[in-house]
Amino acid sequence: MTTVTKKIGEGRLLPVTSQLEKWPWWALGIALAAVLIVFSILTSPIYQDAFNFIREGIITTIRVTVIAYGLSLIGGLILGLGRVSKNVFFYNLATLYVEVMRGIPMLVIILYGAFVIVPLSLGLINGLGNWMVGLTPLAGLGRTLQQVDIQQVDMSGRAIAGLAMGYAAFEAEVFRAGIQSIERGQMEAARSLGMTYIQAMRYVILPQALRRVLPPLGNDLIAMLKDSSLISVLAVRDITQLGKLYRARSFRSFEAYNTMAFLYLSMTLSLSMLVKFIERKMGHER
Amino acid sequence: MSADQDDIIQIDNVFKSFGKIKALQGVSTTVKRGEVLVIIGPSGSGKSTLLRCINMLEHPDRGNIIVDGFSMMHKATDINIIRAEVGIVFQQFNLFPHLTVIENIMLAQRIVRKRKREEAKQIAEQQLKYVGIPEKADAFPHELSGGQQQRVAIARALAMNPKIMLFDEPTSALDPEMIKEVLDVMVALAKAGMTMVVVSHEMGFVRAAAHRIVFMDQGRIIEEGTPEAFFNNPREERTRAFLSKIL
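In this text the structure is predicted, and so the values were computed from the model without any measurement.

Q: How would you explain the overall build of chain B if you had to name every residue and give the values?
A: Helix and strand counts for chain B stand at nine helices and ten strands. Against the globule reference of 18 Å for 247 residues, chain B gives a C-alpha radius of gyration of 18 Å, in line with a compact fold. With the C-alpha coordinates aligned to their principal axes, the bounding extent of chain B is approximately 55 × 45 × 35 Å. The buried share among the 247 residues of chain B stands at 56%.

Below, the structure is given as structure tokens:
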């Protein structure tokens, strides 16, 4: 009688092989590219020149991103509350805004914001000033408002307005989804204890919803950092604009765009690691 | 309906539909101060809807509900003030998962009753002792068993010093061995004179504490009476059929 026996471990990958398969080779690729570019910047005079020229754009890119992101969070939270509101007016206003903004390319929103919305708003402020000058108690404030000038709002300010307007629509949907993901019983329990709708939102629903939306909010920060390159159409001297200028000046496309891409990638990857870290920390808590 | 001083809850000809489903079709009853009313009936009979109408978690389409002299359907009534006087305990506990046990019990005291932190904390600790788990004050809800969570939910409602307590199938989501610890608290509360409206099929509680039983089916009250009369001599055929299934 013959018996076919299988040896233990047969048909399985050896432990060493499976370890190698799991290894994040893509990360090694990025690390190698980074080392190569850092090495180039340190040794090659052309890269050094490109880096020194573009470097000043880093601050602008970060500043625009951080301010626009902060504003988009505030706007997004208000719009998100509108999206879950039972108030017909508030709900429809928020939904209209979100649907319109999500249907327009970010580049168009930035152009529209810079050359239509911002001048229009300033016109309104001037008009308000003109009206207030006629009213004795408000004349002082009116004169100040009258003198607000379009020249006082530089292009980076207008770029921030455009980015924040566009991203507020995305954040609104993130907040809406977060709020709606909280079980209905939470609102019922809070209301049944006598809390108003606003108190229940503030103390019970939002603290839970904000935890859940932290990862998507983090991803949107990364997305906004990348989309901030679009503001170069307004000639704001961010990383992209300075990269373009450097290339136009030196005709060194290779060095200019490599440096540009490297700067963005190092920022987005660090942010993405931060988001993953926060996500993991929150996973442990619950 | 006569405005009897003793009637703390008056339910007058209440109708409620969810789309095509008619949950309540003209329900009227009253609850006296200190009375323990148990509502029983098959699923879908409208008993939970009726309970939830008492503190306006569901808005009746028609009819009137008067709680402690205030009409819940009247525009001038501030529902939040009435709700603070009417505690409710849910089947799914609905504790706030981001807060500790003591914070769960303190939150509404602080922002609705405007109590000082120290006072709210003292009352919360007192209530936790009453439901028998003072040592869990700093735990988070997910660290507790189902029975413990439900007892915290009862303590959270009691900390508001409500005049009425509503219970919506409080033991249905519990493992069998945890039902007793929750029922014990409820029985103690009933003995202490709390006005209670309870949707439950727990016969242990009915025997120990119920003053009156209401049997509902298809959105209507079919029969009501004292537990003895109700179980020994049910008048209606539907009541008999239902009792034969649950007893």
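Q: Account for the interface of chain B and chain A, naming residues and giving values.
A: With 25 residues of chain B at the interface, the matching set in chain A holds 19 residues. Carbon and sulfur atoms make up 59% of the surface buried where chain B meets chain A, a total of about 1,800 Å² over both sides. On the chain B side of the contact with chain A, B:Phe96, B:His98 and B:Ile111 bury the most area, a combined 29% of that side's loss. Counting every contact that joins chain B to chain A gives one salt bridge.

Q: Please set out the packing of helix α5 (residues 106–133) of chain A against helix α7 (residues 155–180) of chain A residue by residue, giving values where relevant.
A: Residue and element names in this part refer to chain A. Interhelical geometry of α5 versus α7 gives an angle of 120° and a closest axis separation of 8 Å. As far as their axial angle goes, α7 and α5 are oblique. Considering how the two elements wind past one another, α5 and α7 form a crossing that is right-handed. Every residue of α7 that contacts α5 at Met106, Ile109, Ile110, Gly113, Ala114, Phe115, Ile117, Val118 and Pro119 is listed here: Met155, Arg158, Ala161, Gly162, Leu163, Met165, Gly166, Tyr167 and Phe170. A breakdown of the residues in the contact of α5 with α7 according to their chemical character gives 14 nonpolar, three polar and one charged.

Q: If you had to explain a negative patch on the surface to someone new, which residues and values would you point to?
A: On the surface, a cluster of negative charge is contributed by B:Glu103, B:Glu118, B:Glu125 and B:Asp138. Judged by relative accessible area, which is 63%, B:Asp138 ranks as exposed.

Q: Let's hear about the packing of α5(A) against helix α6 (residues 139–146) of chain A: which residues, and what values?
A: Helix-helix packing is described using two parameters, namely the angle between the two axes and the distance between the axes. Residues and elements named next belong to chain A. The geometry of α5 relative to α6 is characterised by a closest axis approach of 7 Å and an angle of 150° between their N-to-C directions. One element, α5, and the other, α6, form an angle in the roughly antiparallel class. α6 is crossed by α5, and the crossing has left-handed handedness. Across the interface between the two elements, Ile125, Asn126, Leu128, Gly129, Asn130, Met132 and Val133 of α5 pack against Ala139, Leu141, Gly142, Arg143, Leu145 and Gln146 of α6.

Q: Kindly report on the packing of aromatic side chains, identifying the contributing residues and their values.
A: All names here are of chain B. In total, this model carries four aromatic pairs over all chains according to the counting rule given. Centroid distance Phe215 to Phe242: 5.1 Å. Interplanar angle 35°. Geometry classified as tilted. With Phe215 in strand β9 (residues 212–217) and Phe242 in helix α9 (residues 237–246), this pair connects stretches of sequence that are 27 residues apart. Judged by its relative accessible area of 9%, Phe242 falls in the buried class. Relative to Phe231, the ring of Phe230 has its centre 5.6 Å away and its plane inclined at 90°; by these criteria the two rings are edge-to-face.

Q: Describe the sheet that holds strand β3 (residues 36–40) of chain B, and please don't skip the residues or the numbers.
A: Adjacent strands of a sheet form backbone hydrogen bonds with each other and so pair up, either parallel or antiparallel. All names here are of chain B. Read from one edge to the other, the open sheet built from six strands follows the order β6-β7-β8-β3-β9-β10, with strand pairing classed as mixed. This sheet does not close on itself; its edge strands, each paired only once, are β6 (86–89) and β10 (220–225). Strand-to-strand twist of the sheet, defined as the mean angle between neighbouring strand axes without regard to direction, takes the value 20°. Bridge count between β6 and strand β7 (residues 164–168): four bridges; the pairing is parallel. Paired with Gly87 across the two strands is Met165, which belongs to β7. Its contacts with the sheet put helix α6 (residues 176–191) on β3, β7 and β8 (195–199), and the angle it makes with β8 is roughly 145°.

Q: Lay out the environment of B:Thr100 in plain terms, naming residues and giving numbers.
A: Residues and elements named next belong to chain B. Structurally, Thr100 is set in the loop between β6 and α3 (101–111). Note on Thr100: relative accessible area 10%, which makes it buried. Taking the C-alpha atoms as reference points, Thr100 and Val36, 64 residues apart in sequence, are found 31 Å from one another. When neighbours within four sequence positions are excluded, Thr100 is seen to be in contact with Ala137, Asp138, Ala139 and Phe140.

Q: Give a description of unusual backbone geometry that names residues and reports values.
A: Its identity is not glycine, yet A:Phe251 carries a phi of approximately 60°, on the positive side. Unlike most non-glycine residues, B:Glu169 shows phi in positive territory, near 45°. Within the secondary structure, B:Glu169 is located in the loop between β7 and α6. Overall, B:Glu169 belongs to the partly exposed group, its relative accessible area being 21%.

Q: Describe in detail the sheet that holds strand β5 (residues 70–71) of chain B, supporting the description with residues and values.
A: All names here are of chain B. Reading across the sheet, the four strands line up as β2-β1-β4-β5 and stay open at both edges, with antiparallel pairing between neighbours. Looking at strand neighbours, the two that pair on one side only are β2 (21–32) and β5, the edges of this open sheet. Note: strand β1 (residues 7–18) against strand β4 (residues 62–67), five bridges, orientation antiparallel. Looking across to β4, one finds that Ile9 is bridged to Val67.

Rules and cut-offs
Residues numbered from 1 in each chain as written. Chains lettered and ligands numbered in written order. Predicted model: local features only at pLDDT ≥ 70, side-chain atom pairs only at ≥ 80, totals over all residues. Heavy atoms only, no water. Helix = DSSP H or I, 4+ residues; strand = E, 2+ residues; numbered from the N terminus. Rg over C-alpha atoms; globule rule 2.2 N^0.38 Å. Buried < 20%, exposed > 50% of the residue type's maximum accessible area, 1.4 Å probe, protein only. Contact = heavy atoms within 4.5 Å. Buried area = accessible area lost by both parts, 1.4 Å probe. Salt bridge = Lys/Arg side-chain N within 4 Å of Asp/Glu carboxyl O. Axes fitted to C-alpha atoms, helices over the stretch in contact; angles between N-to-C directions. Parallel < 35°, antiparallel > 145°, perpendicular 65-115°, else oblique. Left-handed = near helix turned anticlockwise from the far one by under 90°. Nonpolar A, V, L, I, M, F, W, Y, C, P; charged D, E, K, R; others polar. Patch = residues over 30% accessible without salt bridge, like charges linked within 9 Å, V, L, I, M, F, W, Y side chains within 5 Å. Areas by Shrake-Rupley, 256 points an atom, 1.4 Å probe, with all protein chains shown as cover. Lys, Arg positive; Asp, Glu negative; His and termini not counted. Charge placed at Lys NZ, Arg CZ, Asp CG, Glu CD. Phe/Tyr/Trp six-rings, centres within 6.5 Å; stacked < 30°, edge-to-face > 60°. Pairing = 2+ DSSP bridges.

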